[in-house]
Amino acid sequence: MSLIPSFFGGRRTNIFDPFSLDMWDPFDGVFTSALANVPDSARKMSAFANTNIDWKQTPEAHIFKADLPRLKKEEVKVEVEEGRILQISGEKSKEQEDKNDKWHRIERSTGKFLRRFMLPENAKLDQVKASMENGVLTVIVPKEEEIKSEAKNIEISG
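Residues numbered from 1 in each chain as written. Predicted model: local features only at pLDDT ≥ 70, side-chain atom pairs only at ≥ 80, totals over all residues. Heavy atoms only, no water.

S.K.: Looking at this structure, how should I read the sheet that holds strand S6 (residues 129-133)?
M.R.: Two strands in a sheet stick together by hydrogen bonds in their backbones, pointing the same way (parallel) or opposite ways (antiparallel). Reading across the sheet, the 4 strands line up as S1-S2-S7-S6 and stay open at both edges, with antiparallel pairing between neighbours. The outermost strands of the open sheet, each flanked by one partner alone, are strand S1 (53-57) and S6. Taken over all neighbouring pairs, the strand axes of this sheet differ in orientation by 15° on average, direction set aside. Both S1 and strand S2 (residues 61-67) contribute to a ladder of 5 bridges, which runs antiparallel. Looking across to S2, one finds that Ile53 is bridged to Ala66. (Pairing = 2+ DSSP bridges. Helix = DSSP H or I, 4+ residues; strand = E, 2+ residues; numbered from the N terminus. Axes fitted to C-alpha atoms, helices over the stretch in contact; angles between N-to-C directions.)

Next comes the structure, spelled out in structure tokens:
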């Protein structure tokens, strides 16, 4: 038996199915109706936005960390393109479905992702290293040493 009558969203309930006893969600369907006219390819692009990447700079290197849960290193590609562009891409594939499966909720994103970063001029592009551990990709781009010019005092005459 549902907590809210079925005329609030037309839910069908089954007392033997624990997932059908969800409480009524006033926002249920609000965003799906708004996305009804959005092409499927654009919806799959949401994986682009869901790929979180941090970029920090240390005195020695630029360090990128990307959260890539459920991905193996073979499913991720790290490239340095012409023009000092660091590109991180991959694909989060869908699980195999059995025709007898009944899904109650799908919230994990699937699809391809691609992130690109313009590297600064002091990046050593030939020494980029990448590693992956526990679903976190780490890309290290070493920096060239800054040449510190010593200031020379010039005496002012007159």
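S.K.: Where do I start with the packing of aromatic side chains in this structure?
M.R.: Aromatic rings considered in pairs are described by the distance between their centres and by the relative angle of their planes. Inspection of every chain in the model, using the stated rule, returns 3 aromatic pairs. Ring centres of Trp55 and Phe117 lie 5.8 Å apart, and the angle between their planes is 80°; this geometry places the pair in the edge-to-face category. Residue Trp55 is found in strand S1, and its partner Phe117 is found in strand S5 (residues 111-118); the two are separated by 62 residues along the sequence. A residue is classified by how much of its surface remains accessible, and Phe117, at 10% relative accessible area, is buried. In this structure an aromatic cluster arises from ring pairing among Trp55, Phe64 and Phe117. (Phe/Tyr/Trp six-rings, centres within 6.5 Å; stacked < 30°, edge-to-face > 60°. Buried < 20%, exposed > 50% of the residue type's maximum accessible area, 1.4 Å probe, protein only.)

Shape descriptors only; they carry no functional weight alone.
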